[in-house]
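Summary of the model geometry
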Amino acid sequence: MKGAVMLSLTTITQQFGDKILYESLDLQINKGEKVGLIGQNGAGKSTLIKIITGELIPDEGQVSMPKNCHLGYLDQYVEVDEQLTIFEFLKTAFKKELAIEAEITQCYTDYAESMDDRLLEKAGRLQTQLDQGTFYQMDTLIQEMASGLGLQVLGLDSPLGQLSGGQRSKVILAKLLLEKPDMLVLDEPTNHLDDTHVQWLTNFLQEFTGTFLVISHDRAFLDAITTHIADIEFGKLTKYTGNLTKALKQKEANRETYLRQYESQKKQIAKTEAYIRKYKAGSRSTMAKSREKQLAKVERLTPPSDAPKPQFHFPYQPIVSTLALATDQLVIGYERPLLEPIQLTIRYGETIAIRGFNGIGKSTLLKTLIGEIPALAGTFQFPANTKVNYFSQELSWESPLETPLQYLGRAFPKASVKELRRHLSQAGLVNQLAQEPLQLLSGGEQTKVKLAEMTMIPGNFLILDEPTNHIDHETKESLRESLANYPGTVIVVSHEQEFYEDFVERIIDIGK
């Protein structure tokens, strides 16, 4: 028996400027379904989430959900009271139950004055409500959630105002999961989690009895948690039954069928047009005009996408050296050390992955090495003529209204517009996107701008901090290929082991 409909999108049409994101898009999610939302960068996944959560009103179409459906949305940019500690913030997941407890206390206070038995009855009813829920396991549930998502190490008495963006995102995710909504909507929930905590979240979502819709570029994660896949392509949405692997097989079969139909139609149209040209003015003109009318009514299939596959070439500037980096008792952190002193030696030309749980200091180590923040103690040394090319995971722009072309033009004033366009195009950003303001681009498209910038910087040491967070599978494959073939030294930090395990020579676990 089919479950009740939890979410229904009907004929959703959305356009930004000249770009049509969707045309008459439909989606139905039934109770208990665990749906992964996929699509290439810029297909409109995050925009669709905004439409579902009511943050954005679509140009056309409607969104409907059952009355009293509790929708929980992972909004990583939500305003929070920065004075609250992590524990106090997580307790707000139980605000309904805390309000009931306060009401019970008030009933007894009022009863002491009025001796009205109805107050005792009301208190009893409310107490039964609390007893039947999980309220009295609140502290234990908070501790378990904090442990599962790696918040314990931050100290649950730490104020939210002291947390980094990634740490705050984890705390917001923890609160959302504690609320146990009827339907969860998660946009890239694994972005700030390391392998261990991704596995914990995977187990949690596998056992989650509600319904969810999740966007993720982490294929192994999506494969493990989904019962259905919703794929946005060419402004339409197709829903497949099964996990990601099954959905992609079905999509490939559908694509082959579609390509055959498209080619067949194209040949038929060309044949008919040739007939019309030949006989329009001759003895068979009536027949030719009849065919012309028929041809005008034909619903033409959309040509297959000819979007180029991204290709990254990081310019290499050779140096002669056997060592690429050496640290001596290096202490990293801000006001206090994050780790024990680091002793690290990397040979020239090595490809290294650095891993460790989120918040331990991976990004801080990289920022120390590139000189963005000072070391607290100890030293590190690169050989002479080292040229570091660095990718930062933060998507923040000095001038968010600039277009990618303007941004790169300012960074490389000697480069021609043609050259700038070529680098953007090779990173997967077509002409139209090159002229959109940076702030209107999706996370994946913004990442491609940063990668395009890296392809214009000669160097011999690539340092990348979570480069795969927002990019689609095709872009990820191209990036992996270019890093594997890079002749210089590479350090990559990524929570996706699947991304780096085939090309790195060594994995360094920091904090162990």
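Under the annotation held in an unreviewed UniProt entry, the protein carries the name ABC transporter, ATP-binding protein and is attributed to Enterococcus italicus.

Time to look at the overall build of the protein. For the protein, the count of helices and strands is 17 helices and 17 strands. Relative to its 512 residues, the protein shows a buried fraction of 47%. Partitioning the intrachain contacts of the protein with sequence separation of at least 6 by distance along the chain shows that 71% fall at a separation of at least 24. Just so you have it, the protein exposes about 26,600 Å², and 49% of that area is on carbon and sulfur atoms. Treating the 55 positive side-chain charges of the protein as one cloud and the 66 negative ones as another, the clouds have centres 12 Å apart.

Turning our attention to the packing of aromatic side chains. Tallied over the entire structure, the rule returns 11 aromatic pairs. With 5.1 Å between their ring centres and 70 degrees between their planes, Phe135 and Tyr136 make a pair best called edge-to-face. Residue classification places Phe135 among the buried positions, given a relative accessible area of 5%. For Tyr136, a relative accessible area of 47% puts it in the partly exposed group. Geometrically, the ring pair formed by Phe208 and Phe212 is tilted, given 6.4 Å between the ring centres and 35 degrees between the ring planes. Look at Phe212 and you get buried, because its relative accessible area is 0%. Each member of the aromatic cluster is reached from another via a ring pair, and the members are Trp200, Phe204, Phe208 and Phe212. Taking NZ or CZ as reference, Lys450 lies 4.6 Å from the ring centre of Phe391, over its face.

A word on the domain arrangement of the protein. Often the size quoted for an interface is simply the accessible area lost on bringing the parts together. Along its sequence, the protein is organised into domain 1 (1-70 + 181-242), domain 2 (81-163), domain 3 (249-296) and domain 4 (323-509). Centre-to-centre, using C-alpha coordinates, domain 1 lies 29 Å away from domain 4. The contact between domain 1 and domain 4 buries some 1,700 Å² in all, and 38% of this surface belongs to carbon and sulfur atoms. Summed over the shared surface of domain 1 and domain 4, the number is zero salt bridges.

Close contact between helix H12 (residues 404-411) and helix H13 (residues 417-426) brings their axes to 10 Å; oriented N to C, the two are set at 120 degrees. Viewed along their axes, H12 and H13 form a crossing whose handedness is right-handed. Together, Pro404, Leu405, Leu408 and Gly409 of H12 and Val417, Leu420, Arg421 and Leu424 of H13 make up the contact between the two elements. In terms of residue class, the contact of H12 with H13 is built from six nonpolar, one polar and one charged.

Looking at the secondary structure, you find Asp26 in strand E2 (residues 19-30). A residue is classified by how much of its surface remains accessible, and Asp26, at 42% relative accessible area, is partly exposed. As a C-alpha pair, Asp26 and Leu330 span 304 residues in sequence and 55 Å in three-dimensional space. A polar atom in the side chain of Asp26 sits 2.6 Å from the backbone nitrogen of Thr11.

What follows is about the nonpolar core. Counting residues in each nonpolar core, the largest one holds 51 residues, and the members touching the most others are Leu90, Leu151 and Leu205. With seven residues, helix H6 (residues 165-179) is the single largest residue contributor to this core. Among all residues touching Leu151, those that are not within four sequence positions of it are Leu90, Ala146, Leu156, Lys170, Val171 and Ala174. Counting residues in each nonpolar core, the second largest holds 35 residues, with Trp397, Met456, Val490 and Phe499 among its members.

Pairing is parallel in the open sheet, where five strands are placed in the order E14-E15-E16-E12-E17. A single partner strand is all that each edge strand has here, and the edge strands are strand E14 (388-391) and strand E17 (506-509). This sheet shows a mean twist of 15 degrees between the axes of neighbouring strands, independent of strand direction. Of the strand pairs in this sheet, strand E12 (residues 351-355) and strand E16 (residues 489-493) are connected by four bridges, and their pairing is parallel.

Within the fold, His197 resides in helix H7 (residues 195-207). Ignoring any residue separated from it by four or fewer positions in sequence, one finds His197 in contact with Ser147, Gly148, Leu149, Gly150, Lys170 and Phe357.

Another aspect to go through is helix H16 (residues 473-484). At 3.6 residues per turn, the α-helix brings residues three or four places apart onto the same side. Compared with the 16 Å implied by 1.5 Å per residue over 12 residues, the 16 Å span of H16 between its first and last C-alpha is a close match. Those residues of H16 that sit buried are Thr475, Lys476, Ser478, Leu479, Arg480, Ser482 and Leu483. Each element contacted by the buried residues of H16 is listed here: E12, helix H15 (443-454), strand E15 (461-465), E16 and helix H17 (497-500).

Looking now at unusual backbone geometry. One non-glycine residue, Thr11, lies in the positive phi region at around 40 degrees. Counting through the fold element by element, Thr11 comes out in strand E1 (residues 5-16). Phi is positive for Glu466, which is not a glycine, with a value near 50 degrees. If you trace the backbone, Glu466 turns up in the loop between E15 and H16.

At a minimum axis separation of 10 Å, helix H5 (residues 138-148) and H6 run at an interaxial angle of 135 degrees. As summarised for this structure, H5 and H6 are arranged oblique, according to the angle between their axes. In the packing of H5 onto H6, the handedness of the crossing is right-handed. Between H5 and H6, the residues in contact are Leu141, Ile142 and Met145 and Ala174, Leu177 and Leu178, respectively.

What follows deals with a positive patch on the surface. A grouping of Lys271, Lys278, Arg284 and Arg291 is seen on the molecular surface, where their side chains present a positively charged patch. Positionally, Arg284 belongs in the loop between helix H9 (244-279) and helix H10 (285-297). Judged by its relative accessible area of 42%, Arg284 is partly exposed.

What follows concerns the pairing of strand E3 (residues 34-39). By the criterion of burial, E3 is predominantly enclosed, with six of the six residues buried. Of the two faces of E3, the one holding Lys34, Gly36 and Ile38 and the one holding Val35, Leu37 and Gly39 are both buried throughout. The pairing of E3 with strand E7 (residues 211-215) spans four bridges and is classified as parallel. From the neighbouring strand, Gly36 faces E7, where its bridge partner is Val214. Pairing of E3 with strand E8 (residues 228-233), which is carried by five bridges, proceeds in the parallel orientation. For Val35, the partnering residue across the bridge sits in E8 and is His228.

What counts, and where the lines are drawn
- Residues numbered from 1 in each chain as written.
- Predicted model: local features only at pLDDT ≥ 70, side-chain atom pairs only at ≥ 80, totals over all residues.
- Heavy atoms only, no water.
- Helix = DSSP H or I, 4+ residues; strand = E, 2+ residues; numbered from the N terminus.
- Buried < 20%, exposed > 50% of the residue type's maximum accessible area, 1.4 Å probe, protein only.
- Contact = heavy atoms within 4.5 Å.
- Areas by Shrake-Rupley, 256 points an atom, 1.4 Å probe, with all protein chains shown as cover.
- Lys, Arg positive; Asp, Glu negative; His and termini not counted.
- Charge placed at Lys NZ, Arg CZ, Asp CG, Glu CD.
- Phe/Tyr/Trp six-rings, centres within 6.5 Å; stacked < 30°, edge-to-face > 60°.
- Lys NZ or Arg CZ within 6 Å of the ring centre and 35° of its normal.
- Domains from an automatic or database assignment.
- Buried area = accessible area lost by both parts, 1.4 Å probe.
- Salt bridge = Lys/Arg side-chain N within 4 Å of Asp/Glu carboxyl O.
- Axes fitted to C-alpha atoms, helices over the stretch in contact; angles between N-to-C directions.
- Left-handed = near helix turned anticlockwise from the far one by under 90°.
- Nonpolar A, V, L, I, M, F, W, Y, C, P; charged D, E, K, R; others polar.
- Polar contact = N/O pair within 3.5 Å; in protein donor to acceptor, adjacent residues only side chain to side chain.
- Core = buried A, V, L, I, M, F, W, Y, C linked by side-chain atoms within 4.5 Å.
- Pairing = 2+ DSSP bridges.
- Expected span 1.5 Å × (residues − 1).
- Parallel < 35°, antiparallel > 145°, perpendicular 65-115°, else oblique.
- Patch = residues over 30% accessible without salt bridge, like charges linked within 9 Å, V, L, I, M, F, W, Y side chains within 5 Å.

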